[in-house]
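# Observations on chain architecture
Listed below are the residues making up each chain.
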Amino acid sequence: MQKNGISEEELFSFLSLKKDEDSNYHHVLSSMCTIPHPIAVRAHQMFVEANLGDPGLFVGTASIEELLIERLGTLFHHPEAGGYATSGGTESNLQALRIFAKMKGSRRPNVVVPESAHFSFEKACDILSLEMRTVPSDETFRMGVDALQERMDENTCCVVAIAGTTEYGVIDPIKAVSEITHDAGVPLHVDAAFGGLVIPFLDPEIPFDFALPGVSSIAVDPHKMGMSTIPCGSLLVREPSWFGLLNVETPYLTVKQECTLAGTRSGGAVVSAFAVLEYLGMNGMKAVVEGCMKNTRRLIEGMETYGYRRAVTPDLNVATFEAGTGTVPPGWRVSWTRRGHMRTVMMPHVTRDVIEEFLREIGEMDA
Ligand SMILES: *Cc1c(COP(=O)(O)O)cnc(C)c1O
């Protein structure tokens, strides 16, 4: 640190130079985050100092967190679900596995995840000392249900299914998986970090949530398709009392027990997540999702006319292609899957105009 501070003007001209180095999302097709909704920004600013880590000091904010969980629980066909707002899918997945590992109490617990699982499960299993067993994907990159049963044994504390994979935007056969886990008495955690705020707004809706009796918990990230500010994820569980397994005493805070992983937590982001859902309602969210899905279909169709074959027909707004790594027009951000497919995500900032611009430049490259 410098002895004396610098002027506000000097400081902010430095910050704005740095901000210019950031991407502004305009040509970003690789991200599951997006520009927050203006309503989210306004709500966040209003609650910028709120700390959910000490809810007795921020009673209003804490009650909005409860409302957010209630809205999400209702959306997922279980208004009585327990839950809290996490820092994102990584924390939600970790905390879900933590609950089920404790519940099982096995000395050598294992978790069965699909091959397509997000890398957060690797972190969670490392931290919790869980053996991670993977189930191979089928040719559509969905979990192969046949191999699931072979991977499970008496030390399996949890099975994971993905409602909207990060790489291919497909939904695992969650109904079939949930029947197997339900019969076996093993908890099923659904990672809907991305898909949780897409699938309920699709027509027809694909079963993935608490309506399936085998589903025990769900991770969903408002800071992806919920257009909240960052960080806001959430973890919902079928039985609120399960969070008791994670409680620690917090003697010097206003509330004496805490089940969250983080201590200090952003109230602003959580209020922003609630605000967007309230403001848009079911119909507003449906319109956003419909737009993203339409753009996804348009991109796939456009790319195929240039000879880039789709890797799979996605369930959600993620499009993947067979393409060489040198095939992206300059200035555009796409990403690559572990299997080497070009991956794009049609988030709300990726408008129809952006898609047409990308396709035009792809066409010019080929010419
Ligand atoms: C994004 C994502 C995660 C991780 O979420 P973070 O908010 O980045 O921690 C986990 N699972 C899936 C399926 C995701 O798409």
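Residues numbered from 1 in each chain as written. Predicted model: local features only at pLDDT ≥ 70, side-chain atom pairs only at ≥ 80, totals over all residues. Heavy atoms only, no water.

How we decide: UniProt positions are given in the numbering used here, feature names are shortened, and annotations may be inferred rather than shown by experiment.
The name that an unreviewed UniProt entry assigns to the protein chain is Probable L-tyrosine/L-aspartate decarboxylase, with the source organism given as Methanofollis formosanus. Recorded in UniProt for the protein chain, the comment headed Function (unreviewed entry) runs: "Catalyzes the decarboxylation of L-tyrosine to produce tyramine for methanofuran biosynthesis. Can also catalyze the decarboxylation of L-aspartate to produce beta-alanine for coenzyme A (CoA) biosynthesis."

### A look at the pairing of strand S6 (residues 215-220)
The condition that has to hold: We call a residue buried when its accessible area falls under 20% of the maximum for its residue type, exposed when it is over 50%, and partly exposed in between, using a 1.4 Å probe and counting protein chains only. Strands here are runs of E lasting at least two residues and helices are runs of H or I lasting at least four, both read from the DSSP assignment and numbered beginning at the N terminus. Any two strands with at least two DSSP-identified bridges between them are counted as paired.
The buried count for S6 comes to 6 of 6 residues, which makes it a mostly enclosed element. Inspection of the sheet shows strand S5 (residues 188-191) paired to S6 by 4 bridges, in the parallel sense. Bridging across to S6, Val 190 finds its partner in Ile 218. Relative to strand S7 (residues 233-237), S6 runs antiparallel, the two sharing 4 bridges. Bridge pairing in S7 links Ile 218 to Leu 236.

### Quick notes on the packing of helix H3 (residues 59-75) against helix H8 (residues 267-305)
Filter applied, for reference: In this analysis an axis means a line fitted to C-alpha atoms, helices contributing only their contacting stretch, and an angle means the value between N-to-C directions, from 0 to 180 degrees. Put simply, angles under 35 degrees are roughly parallel, angles over 145 are roughly antiparallel, angles from 65 to 115 are roughly perpendicular, and the rest are oblique. Crossings are assigned a handedness: left-handed for a near helix turned anticlockwise from the far helix by less than a right angle, right-handed for a clockwise turn. Any pair of residues with heavy atoms lying within 4.5 Å of one another is described as a contacting pair. Under the convention adopted here, Pro, Cys and the residues Ala, Val, Leu, Ile, Met, Phe, Trp and Tyr are nonpolar, Asp, Glu, Lys and Arg are charged, and Gly plus all remaining residues are polar.
Two elements in contact, H3 and H8, have axes whose closest approach is 9 Å; the angle formed by their N-to-C orientations is 45°. Our classification of the angle between H3 and H8 gives oblique. Our pair here, H3 against H8, has a crossing hand that is left-handed. For the pair H3 and H8, contact is made by Thr 61, Ile 64, Glu 65, Leu 67, Leu 68, Arg 71, Leu 72 and Leu 75 and by Gly 267, Val 270, Val 271, Ala 273, Phe 274, Leu 277, Glu 278 and Met 282, respectively. In terms of residue class, the contact of H3 with H8 is built from 11 nonpolar, 2 polar and 3 charged.

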